[in-house]
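A structural walkthrough
The residues making up each chain are set out below.
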Amino acid sequence: MSQKNQTLGEFIIENQASFKYSSGELSRLINSVRLAAKVVNHEVNKAGLVDIIGAAGETNIQGEDQQKLDVYANEKFIQTLTNRNIVCGIASEEEDDYVSINSQDENNQNKYVVLIDPLDGSSNIDVNVSVGTIFSVYRRITPVGTPVTIDDFLQKGSQQVAAGYVVYGTSTMLVYTTGDGVNGFTLNPAIGTFYLSHPNMQFPLDGRIYSVNEGNYIHFPQGIKNYIKYCQMEEGDRPYTSRYIGSLVSDFHRNMIKGGIYMYPKSSKNSNGKLRLLYECNPMAFLAEQANGKASDGFNRIMDIEPTELHQRVPFICGSKNMVEKAEEFMRNPEN
Ligand code: P6P
């Protein structure tokens, strides 16, 4: 039984036995995420003070300017996971292809692969708005001691063994699940320790907050347009409140605590939406379902989608179960 003020390390030890396939490796993996989160947090918090923000002068596979902190965060998470000899492969928004971590070494018995968005919402960095790291963990499906293949990464979200995010906000939090509920840990920067501050996080079944970039309204499918108008109508507990930070992790985190829905639909500009299935939507969907919420592409459960490529995009609707189901109803009946 977890209790508030327990440290993350104590929580991991106490819950070790409840980890599926508990062999200590997953615990060590979460511990390495903890270390990388503290290192990245230190840089994010001083971004305005040193010349570490601003484009690194290169663009990633998404064609987006790489902020120096994007590059830094990517390097730190890969370095930490590699140095601790825990995983056999990593895929990242900032890497064109997956990275094998000594998997060609027949003595490498590591059985996990990690997929990360090392610094989501990074365009917010130089305007001092919160950003986040998102991670997703799978067991490899190819034999240990052989080189990882793309198949180890193209697994359905329902196969995840762990997922979580770090939100670098007014305080820095690590929120994660290993399939046994969602727990949130807040960093005490004075001593560099994460403390259990939000045990057993749950989405309220209903909420009054909707998060979507309404600047794209005219490009949305009719069902989404109709749902947005539904949110704005004077009726019952509506109109809802519109809150959109431009940082998935922050919008998701607020909606999980207060109740709400986040939408990044497809549009005539983005035929599959903007968010990436493997290292944004699947981990957030795992967390949502573990917190009694829901995540879909408007028609299908996100975690049932069969991946076809590393950086594929999907439309994403996620949050309080009753709100997501209402949005899906509008998507199924756009003529109404
Ligand atoms: P837009 C950040 O780039 C991100 O991936 C999410 O964190 C955020 O919710 C969304 O994209 C913002 O995208 O097109 O509304 O600026």
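Basis of the calculations
Residues numbered from 1 in each chain as written. Predicted model: local features only at pLDDT ≥ 70, side-chain atom pairs only at ≥ 80, totals over all residues. Heavy atoms only, no water. UniProt positions renumbered as here; feature names shortened; annotations may be inferred. Helix = DSSP H or I, 4+ residues; strand = E, 2+ residues; numbered from the N terminus. Buried < 20%, exposed > 50% of the residue type's maximum accessible area, 1.4 Å probe, protein only. Contact = heavy atoms within 4.5 Å. Domains from an automatic or database assignment. Buried area = accessible area lost by both parts, 1.4 Å probe. Expected span 1.5 Å × (residues − 1). Pairing = 2+ DSSP bridges. Axes fitted to C-alpha atoms, helices over the stretch in contact; angles between N-to-C directions. Salt bridge = Lys/Arg side-chain N within 4 Å of Asp/Glu carboxyl O.

1. Digging into the UniProt feature "binding site: Mg(2+) 2" (unreviewed entry) in the protein chain
Taking the numbering used here, the UniProt-annotated feature "binding site: Mg(2+) 2" (unreviewed entry) corresponds to D117, D120 and E280. These annotated residues cover 164 residues of sequence, but their C-alpha atoms sit close together, with the largest distance between any two at 8.5 Å. Mapped onto the fold, D117 is located in strand β5 (residues 112-120). With relative accessibility at 0%, the residue D117 sits in the buried group. Setting aside its immediate chain neighbours within four residues, D117 contacts E93, G132, T133, I134, Y279 and E280. Looking at D120, the relative accessible area reads 8%, which means it is buried. Leaving out residues up to four positions away in the same chain, D120 has contacts with V131, G132, I134, S247, L248, V249 and E280.

2. Quick notes on the domain arrangement of the protein chain
Along its sequence, the protein chain is organised into domain 1 (8-198) and domain 2 (209-332). Relative placement of domain 1 and domain 2: their C-alpha centres are 23 Å apart. With 50 residues of domain 1 at the interface, the matching set in domain 2 holds 32 residues. Where domain 1 abuts domain 2, roughly 2800 Å² becomes buried across the two surfaces, and 64% of that area is made up of carbon and sulfur atoms.

3. Examining helix α3 (residues 68-83)
One turn of the α-helix equals 3.6 residues, which is why residues spaced by three or four share an orientation. An ideal rise of 1.5 Å per residue puts 22 Å on 16 residues; α3 measures up with 22 Å between its terminal C-alpha atoms. All of the buried residues along α3 are L69, D70, Y72, A73, N74, K76, F77, I78, T80 and L81.

4. With respect to the sheet that holds strand β14 (residues 293-296)
A sheet is described by the order of its strands in space; here five strands give the open sequence β12-β11-β13-β15-β14, paired in mixed fashion. Each end of this open sheet is capped by a strand with a single partner; those strands are β12 (241-242) and β14. In terms of strand pairing, strand β11 (residues 209-211) meets β12 through two bridges, oriented parallel. Looking at β12, one finds that I209 is bridged to T241. Packing of helix α5 (residues 248-258) onto the sheet brings it into contact with β11, β13 (261-264) and β15 (316-320), and relative to β11 it is tilted by some 165 degrees.

5. Quick notes on the pattern of salt bridges
The full count for this structure, using the stated rule, is eight salt bridges. As a salt-bridge pair, D251 and R254 come within 3.1 Å of each other at their nearest N and O atoms. Placement of both D251 and R254 in helix α5 is noted, with a separation of three residues, approximately one turn of the helix. Comparing D251 with R254 shows no difference in burial state: the two are buried. Between E325 and K294 there is a salt bridge, and its shortest N-O distance comes to 3.2 Å. One end of the pair, E325, is in helix α7 (residues 321-332); the other, K294, is in strand β14, and 31 residues separate them in sequence. According to the relative accessible area criterion, K294 is partly exposed, its value standing at 24%. Salt bridges sharing partners connect three or more residues here, namely E289, R301 and D304.

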